[in-house]
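An overview of the molecular structure
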4 protein chains.
Amino acid sequence: MINIMVRLEQHFIFCKFILVAIKMPPTLVSVDLKKSAENQPIPMHNRWHPSIPPVARVRVGEPFRMECMDWTGGQIKNNDSTDDIENVDLAKVHVLSGPIYVEGAEPNDLLVVDFLDIGTFPQMEWGYTGIFPTTNGGGFLTDLYPKAAKAIWDFEGRHATSRHIPGVRLSALMHPGIIGCAPSMELLNEWNKRESKLVAKESITVPPRALLPEKIRALVGTLKGSEAVSVAREAARTIPPREHGGNCDIKNLTIGSRVYLPVYVPGANLSVGDLHFCQGDGEISFCGAIEMAGYIDLKLSLIKNGVIKYKQTNAMFAPSASRLTYGPHLVFEGISVDETGRQYYLDANVAYRQATLNAIEYLKTQGYTGEQAYLLLSAAPVEGHLNSLVDVPNSCCTLSLPLEIFDRDISPKVDVTE
Amino acid sequence: MINIMVRLEQHFIFCKFILVAIKMPPTLVSVDLKKSAENQPIPMHNRWHPSIPPVARVRVGEPFRMECMDWTGGQIKNNDSTDDIENVDLAKVHVLSGPIYVEGAEPNDLLVVDFLDIGTFPQMEWGYTGIFPTTNGGGFLTDLYPKAAKAIWDFEGRHATSRHIPGVRLSALMHPGIIGCAPSMELLNEWNKRESKLVAKESITVPPRALLPEKIRALVGTLKGSEAVSVAREAARTIPPREHGGNCDIKNLTIGSRVYLPVYVPGANLSVGDLHFCQGDGEISFCGAIEMAGYIDLKLSLIKNGVIKYKQTNAMFAPSASRLTYGPHLVFEGISVDETGRQYYLDANVAYRQATLNAIEYLKTQGYTGEQAYLLLSAAPVEGHLNSLVDVPNSCCTLSLPLEIFDRDISPKVDVTE
Amino acid sequence: MINIMVRLEQHFIFCKFILVAIKMPPTLVSVDLKKSAENQPIPMHNRWHPSIPPVARVRVGEPFRMECMDWTGGQIKNNDSTDDIENVDLAKVHVLSGPIYVEGAEPNDLLVVDFLDIGTFPQMEWGYTGIFPTTNGGGFLTDLYPKAAKAIWDFEGRHATSRHIPGVRLSALMHPGIIGCAPSMELLNEWNKRESKLVAKESITVPPRALLPEKIRALVGTLKGSEAVSVAREAARTIPPREHGGNCDIKNLTIGSRVYLPVYVPGANLSVGDLHFCQGDGEISFCGAIEMAGYIDLKLSLIKNGVIKYKQTNAMFAPSASRLTYGPHLVFEGISVDETGRQYYLDANVAYRQATLNAIEYLKTQGYTGEQAYLLLSAAPVEGHLNSLVDVPNSCCTLSLPLEIFDRDISPKVDVTE
Amino acid sequence: MINIMVRLEQHFIFCKFILVAIKMPPTLVSVDLKKSAENQPIPMHNRWHPSIPPVARVRVGEPFRMECMDWTGGQIKNNDSTDDIENVDLAKVHVLSGPIYVEGAEPNDLLVVDFLDIGTFPQMEWGYTGIFPTTNGGGFLTDLYPKAAKAIWDFEGRHATSRHIPGVRLSALMHPGIIGCAPSMELLNEWNKRESKLVAKESITVPPRALLPEKIRALVGTLKGSEAVSVAREAARTIPPREHGGNCDIKNLTIGSRVYLPVYVPGANLSVGDLHFCQGDGEISFCGAIEMAGYIDLKLSLIKNGVIKYKQTNAMFAPSASRLTYGPHLVFEGISVDETGRQYYLDANVAYRQATLNAIEYLKTQGYTGEQAYLLLSAAPVEGHLNSLVDVPNSCCTLSLPLEIFDRDISPKVDVTE
């Protein structure tokens, strides 16, 4: 703590002309929303690689702020056209802030990350949810909804409404879609190897089975020249969640949560980005959260050798005591039989897909189009549960829809009671 | 109401010497726990078929009680041997109570079922969770835990402890594993057809891909002789959840819930059984809930033509306002890469399996064996979420473990904070 | 139904010869609802005194059941007349079960009581809420509602509706209005002394300031003859909550709660009664909960010398993890100025009274009479908060009304939004 | 860290030339924390009077921001001395922002206020809780804690810790202590009349019974000269909550809440201030919340003639779906007998005071001083309930303490379980 004091004091000296003591949290990464991802004052990165250099250092116990662009780096605009969604350059995603070097962090430690706050920028009080076209990203229901669609959400403080999905108001459930430490070279090689195998197994698919390293559009932080090219060539894409956390898209990683992240390289090299205003379990339309730019305030601590001590090779977390507590819900069930009647074996994806389709059909009886319903189930805080996974041949999954988000009662009306 | 009144009146007449007016709810199905499933006073059934005759009639608005055997019909004993689990006769399951004929219910209606109460019998204040051996049922982790195991849970009112899993106390979250209306002949044929195809596609597997109609051990209610044989031959097994609900094993169908069930035959022919004292999402060890005998009190209403009106071909429900509200949780993440490093494509089953294995590894650092942890994650009210399903090639699923069920603090201990 | 009766009878007969393992909980006190409080097989008591003899002994760790009459001992009937309310004999209340001698419990221990279960009797699936007339008990708003009124609640499992308050359905929130250990003679003397002083200070009031020992109608358990008379003469009435707990009427003492009770006499002499199906904070109409007969299952443990160790002279408790989690609420504020405009000094009673009156006025705009609203606010699980107590001269208290108990939307309708 | 500072500096410099599109919400009142309450760019007010002129106008449906000083206008400093608390000038409080003229609002309308967001200023990431000395304000326990004390809380995003109360961490529960519309002249006269009567009834008391109009230190917005003096002479103090809402200090008025405020003058003249980071029910130490400066974002709508339509003369509200959901609690009971054994008649203030004292005694066994415990129970989100109010002569009130705010387990330890 003495260090911080000294530093703050110096700050007071240097900033006399500013007069205001901006105590905390210091902003380690700031972004300029008027500039592209490639031209940020502090270089961004959109790949995972142990050689992407840290842009700042922190000590455990010192709160700090990370500003983040939206995941596409500003490609999506606040308008009613879907051209930007249709033509989004996915090679550019996800634009991440960091890495941050954590003093004292060593491989096999668990980096403990407390989410102190998350917020939006006054310059950009809006976000978006998109359906990507099948030919450019797709989504959970891309065979049924192959065309691009977009909903803009206007933020009013910690609430959002959309002119594209009337009659709905969402409370904020802000969280980072992505947080994780840089992989070691060994882990990175493993990622590339296993994902390459998957792609190799199948002929070319749309959407693809996996996104392998792609040097085009790669941002690798402050690296330049041949070093940058070399890193870009082998760096992992940020699309999938992996054992380090990464793009886990867990809506419950809200303000007040504590995340435990495995460390793979000295200093941990923590990155964060892809902030969401809200999201449903599954993030089904792919660009499915309410995507936003904003900031996240973090504080770190460590469990030395925690990966070994607790035998955890994946990220884990403790949710916040501050929660959304919507009352009435309507819950849709789905089983491992698809809409054509084809039987699958305990396939939870098919089951949740059916629950989703049932919810969409219901919402269509309440005046929404299929696209609106699909976007809404992506963005609203629906709960997706794996209810039963062992009752051959069907799994049962459910989608739980909070009814308080609607400005009217959409629950089923009983008509024979005696 | 008249029927009940008449019945009550008669009751008053015949029971003058008893004097007490036992008002409600009338018990439509009672069970005798000292007798086997085959010898119950009111015949049970363990198959789905439209021709299984109703054992009672109700009107909408009239509360009634259904008593239920445990799902195996009493095959599992309160002792420390796993012989009963190992040798369980799965051809006998699930022992169901009903069907109940609902006056006025017609195909395409939604039968609205309110769960008024669920409880245990004073004669059987215990339940069980089992790991079935691979050769007889298996489970979600059967490749890792191929041998039989059993935990007996002792009930103390609405709480349960197990001498086989020390240090844990669970609050009741009673619910029926199975509830649903009888299929029409047409729907039954569809089930049999699609499930047969699945079995046919693969060589013989252990456990099997699906369980096709099996006349051995079939209980088809009051049917006898050739009619019984004929029905047993084509009746569907009760293992999987299907569009009618059935064995959905949803832990949130607790007291106070309202379920909407599609009706396929005149009178609906509602059946219920497989009561659980508690269960985790996934019911992962197959015999994974705290299985129990007990009663459930129901009240019915109808949405005429509701299947069409709300475009719902699957069961749906509204959860209760009475809930378990455990505070602190520890949440384990899993992705679509199995423990050997094999990469799958967006496979939620693999992802949840990994979350489960991570939780088991964690619990092993807290003094539990793998079997104990597996049983606990099956029976305790863990939440299994489908967090992200579109980030190729990995899905992210989580298992959320409530920490208040333990009699000590098992959360990770941070050791470097500044 | 007939069958059941016969079967139960047979069961009782056959049980003589059968070793049925009815494991738990043993019933330490059973009641016969067809008999008056004075004629129960196990004598009841309606006074607090250290000399009332225990009716049973338990060891810590052993679950047991206590059956309870309703608090009046059966004086109120399931009909539409208010005569019984008007003429209730309050000298007879509260009819309590016990005392129970706890082995090992000594003065200054804290007796730790876990509430394992609470339930109703099938013979009496109804309860009542009453407004007592000013001349016989009164209530929080007795000056405005001086006449007797009654609402009968019909139980359907763990839910209640009333033909006297249409459009409302309550989920069970069962709890004992009274639980506590017998006072020592020293403590009893203190009670009598301080309450006598209060009565002496004022001329005769209606309702009275306090209810002093009253030998008429006193039930003192198994005591007889002169000993009974002597004890009745000095035993404390059960109306008020006191430091031992007693008639605390805390709606949150539900199934799963743990209560810590100071022990004053060797063996603790624990008594319980006055079961409620549900209640609002304040229990404002005096007979304000949904009063019921039923059973409560308990398990005990001890903190030796806990009164000293934790410096607690009053009962304390830890609420259950199973809770009612109603979503939307409408909250009414009240301040320390009464409806005539008179200013009080930080008087929370006046403030809550005003919040109550505001809620009643609101409910009158929704079609309820004042009496119905008063009864409803007594019986429904409203929350009464002491929000601010230091802002001279007004306190602010609130009454929070859950809106999901109504079968229609009663929230205020906004009419100018832009 | 120095790097960051430099970067911030550069940012400030560059920003001078950039047209940043700060879309929303427009800030209707901004404050300058380096200036006193008397010298703010937009005049503040610390009295209620219909003639205090609006500082801005809004239309319903248009979100806007109000910045607020802390309630004392900056009198309390971030240091370890209690001098500022001891000498606070209470004639200066509460410093309020507004009034805001709402177009279309007329007397007897209900002004519907949605709380879109509440937050702190980066320049002042701290707050305070104080015990005022008996001679200057006092508090709920001023007879036991007559001396000044202070706890500074450091904010880390939406969490607070205090170097003066170690081992505790609070999640944000931000809310305005004060919100309300200006009284009509008629209502103001009523306030003054009734409060004067109260003061007149008693000889001079410390603390006083009520605070009558006080022209010294009065801030009456933009009014000047004789008009200002005249208004100051009759304007009501802001200390008490009143029917318009005002200083209601309700901790549940958090982000996402909707408040319904009676309108008394054309344009409503809405004021807000006294922001709290967190507070316990009762705000017992008077300066008992975590007092802070910050902003609140609001959106308005109207219910025309709502005061008549819903018969509401007091403010009412609907709480947010975003809530603190702490799990385990320890609940302390109190009755209407004070610590000297004196018996009161159904006095909820005495009962809650006893619950508070019991909680303090408990916390003293856990290593806290009485002052620390008193401050903590004021600032932490404890729940204060009016549990029973009709059981003569004792009321029962409870204080519910969330245990997750402590960094260790402080719950009672059972030592005899079998």
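Residues numbered from 1 in each chain as written. Chains lettered and ligands numbered in written order. Predicted model: local features only at pLDDT ≥ 70, side-chain atom pairs only at ≥ 80, totals over all residues. Heavy atoms only, no water.

1. Examining the overall build of chain A
Looking only at helices and strands, chain A has 7 helices and 21 strands in total. In terms of C-alpha radius of gyration, chain A reaches 22 Å, essentially the compact-globule figure of 22 Å for 418 residues. Once the C-alpha set of chain A is aligned to its principal axes, its extents read approximately 75 × 50 × 45 Å. Expressed as a percentage of the 418 residues in chain A, the buried residues total 69%. Accessible area for chain A stands at about 13200 Å²; split by element, carbon and sulfur atoms hold 53% of it. Side-chain charges of chain A comprise 39 positive and 47 negative groups, with the mean position of each set lying 7 Å from the other. (Helix = DSSP H or I, 4+ residues; strand = E, 2+ residues; numbered from the N terminus. Rg over C-alpha atoms; globule rule 2.2 N^0.38 Å. Buried < 20%, exposed > 50% of the residue type's maximum accessible area, 1.4 Å probe, protein only. Areas by Shrake-Rupley, 256 points an atom, 1.4 Å probe, with all protein chains shown as cover. Lys, Arg positive; Asp, Glu negative; His and termini not counted. Charge placed at Lys NZ, Arg CZ, Asp CG, Glu CD.)

2. Here we look at the interface of chain B and chain A
With 100 residues of chain B at the interface, the matching set in chain A holds 101 residues. Both sides of the chain B and chain A interface together cover about 8000 Å² of buried area, and 57% of this is carbon and sulfur. Glu 361 of chain A is the partner of Lys 311 of chain B in a salt bridge, and the nearest nitrogen-oxygen pair spans 3.9 Å. For the pair chain B and chain A, the interface holds 40 residue pairs in polar contact (both at pLDDT 80 or more). Residues that form the side of chain B that touches chain A fall into these classes: 45 nonpolar, 30 polar and 25 charged. Here 2 bridges tie strand 17 (residues 316-318) of chain A to strand 19 (residues 329-335) of chain B, and the two strands are oriented antiparallel to one another. Following the sheet pairing, Phe 317 of chain A is matched in strand 19 of chain B by Val 331 of chain B. (Contact = heavy atoms within 4.5 Å. Buried area = accessible area lost by both parts, 1.4 Å probe. Salt bridge = Lys/Arg side-chain N within 4 Å of Asp/Glu carboxyl O. Polar contact = N/O pair within 3.5 Å; in protein donor to acceptor, adjacent residues only side chain to side chain. Nonpolar A, V, L, I, M, F, W, Y, C, P; charged D, E, K, R; others polar. Pairing = 2+ DSSP bridges.)

3. Quick notes on the state of the cysteines
In this structure the tally under the stated criterion is 0 disulfides over all chains. Left unpaired, Cys 287 of chain B is separated from the closest cysteine sulfur, that of Cys 278 of chain B, by 14 Å. (Disulfide = S-S within 2.5 Å.)

4. Some words on helix 4 (residues 225-234) of chain C
All names here are of chain C. Of all the residues in helix 4, the buried ones are Ala 228, Val 231 and Ala 232. Relative to the axis of helix 4, the buried residues are bounded by an arc of 100° and lie together on one face. Within helix 4, the exposed residues directed more than 90 degrees away from the buried face are Ser 226 and Arg 233. (Arc of directions from axis to C-beta.)

5. A word on unusual backbone geometry
Glycine aside, a negative phi is what most residues show, and trans is what most peptide bonds show. Geometrically, the link from Val 392 of chain C to Pro 393 of chain C is a cis peptide bond, its omega value of 0° lying close to zero. Among the structural elements, Pro 393 of chain C can be located in the loop between strand 20 (383-388) and strand 21 (396-402). Omega for the bond connecting Val 93 of chain D with His 94 of chain D falls within 30 degrees of zero, at -15°, which places this linkage in the cis form. Relative to the elements of secondary structure, His 94 of chain D occurs in the loop between helix 2 (83-86) and strand 4 (96-102). At Asp 274 of chain B, a position not held by glycine, the phi torsion is positive, near 60°. Within the fold, Asp 274 of chain B resides in strand 14 (residues 270-276). By relative accessible area, Asp 274 of chain B is classed as buried at 2%. Phi at Asn 269 of chain D takes a positive value of approximately 50°, unusual for a residue other than glycine. Mapping Asn 269 of chain D onto the fold places it in the loop between strand 13 (258-262) and strand 14 (270-276).

6. Things to note about the relation of the copies chain B and chain A
For the match of chain B to chain A, the screw axis carries a shift of 0.0 Å, the RMSD comes to 0.0 Å, and the turn is 180°. Seen this way, the second copy is the image of the first under a two-fold rotation axis. Taking the C-alpha atom as reference, chain B places His 385 of chain B closest to the rotation axis, 2.4 Å from it. A symmetric contact is evident, with 100% of the interface residues of chain B recurring at the interface of chain A. (Least-squares fit on C-alpha atoms with pLDDT ≥ 70 in both.)

7. Re the packing of helix 6 (residues 348-364) of chain C against helix 7 (residues 370-379) of chain C
Residues and elements named next belong to chain C. At a closest axis distance of 9 Å, the pairing of helix 6 and helix 7 adopts a crossing angle of 125°. By the angle between their directions, the pair helix 6 and helix 7 is classed as oblique. Pair helix 6 / helix 7 crosses with right-handed handedness. Where helix 6 approaches helix 7, its residues Thr 356, Ala 359, Ile 360, Leu 363 and Lys 364 are matched on the opposing element by Gly 370, Ala 373, Tyr 374, Leu 376 and Leu 377. (Axes fitted to C-alpha atoms, helices over the stretch in contact; angles between N-to-C directions. Parallel < 35°, antiparallel > 145°, perpendicular 65-115°, else oblique. Left-handed = near helix turned anticlockwise from the far one by under 90°.)

8. Topic: the domain arrangement of chain A
Residue and element names in this part refer to chain A. Domain parsing of chain A yields domain 1 (25-318) and domain 2 (329-405). Taking the mean C-alpha position of each, domain 1 and domain 2 sit 26 Å from one another. Contact with domain 1, which involves 33 residues of that partner, is made by 23 residues of domain 2. Among the residues domain 1 hides against domain 2, the three largest losses belong to Phe 140, Tyr 145 and Asp 281. Together they make up 26% of the total. Counting across the domain 1 and domain 2 interface gives 2 salt bridges. In this structure, Lys 251 and Glu 383 form a salt bridge, with 3.3 Å as the shortest nitrogen-oxygen distance. Between the two partners, domain 1 and domain 2, sit 16 residue pairs in polar contact (both at pLDDT 80 or more). Those elements giving two or more residues to the side of domain 1 that touches domain 2 turn out to be strand 6 (126-131), strand 7 (149-155) and strand 15 (286-291). At 4 residues, strand 7 tops the list of elements feeding residues into the side of domain 1 that touches domain 2. Of the residues in the side of domain 1 that touches domain 2, the class split is 17 nonpolar, 10 polar and 6 charged. (Domains from an automatic or database assignment.)

9. Regarding empty space enclosed by the protein
Enumeration over the complete set of coordinates arrives at 8 cavities of 30 Å³ or more. The calculated volume of the second largest cavity comes to roughly 490 Å³. Lining the second largest cavity are 26 residues, with Arg 158, Ile 255 and Ser 322 of chain A together with Ile 255 and Ser 322 of chain D sitting closest to its centre. Those elements that provide at least two residues to the lining of the second largest cavity are strand 18 (322-324) of chain A together with strand 18 (322-324) of chain D. Here the lining of the second largest cavity is composed, by residue class, of 10 nonpolar, 12 polar and 4 charged. (1 Å grid on protein atoms, 1.4 Å probe; cavity = no way out; pocket = protein on both sides within 12 Å on 5 of 7 lines; lining within 4 Å. Points joined across faces, edges and corners; volume = space filled by probe spheres on them.)

10. Here's the deal with the pairing of strand 13 (residues 258-262) of chain A
All names here are of chain A. The element strand 13 is extensively covered by neighbouring structure, given that 4 of its 5 residues are classed as buried. Where strand 5 (residues 110-119) lies against strand 13, 5 bridges are found, and the strand directions are antiparallel. Each residue of the ladder has a partner; that of Leu 111, found in strand 13, is Leu 261. Relative to strand 17, strand 13 runs antiparallel, the two sharing 3 bridges. For Arg 258, the partnering residue across the bridge sits in strand 17 and is Ala 318.

11. Considerations on the pattern of salt bridges
In this structure the tally under the stated criterion is 108 salt bridges over all chains. With its nearest N and O atoms 3.8 Å apart, the salt bridge here joins Asp 32 of chain A to Lys 35 of chain A. Asp 32 of chain A gets classed as buried once you look at its relative accessible area, which sits at 16%. For Lys 35 of chain A, a relative accessible area of 41% puts it in the partly exposed group. Among the salt bridges present, the one from Glu 103 of chain A reaches Arg 59 of chain A, with a minimum N-O distance of 3.7 Å. Remark: Arg 59 of chain A occurs in the loop between strand 2 (56-58) and strand 3 (64-68) and Glu 103 of chain A occurs in the loop between strand 4 (96-102) and strand 5; sequence separation between them is 44 residues. Assessed through its relative accessible area of 31%, Glu 103 of chain A is described here as partly exposed. Three or more residues are tied together by salt bridges with common partners; here these are Asp 117 and Arg 158 of chain A together with Asp 117 and Arg 158 of chain D.

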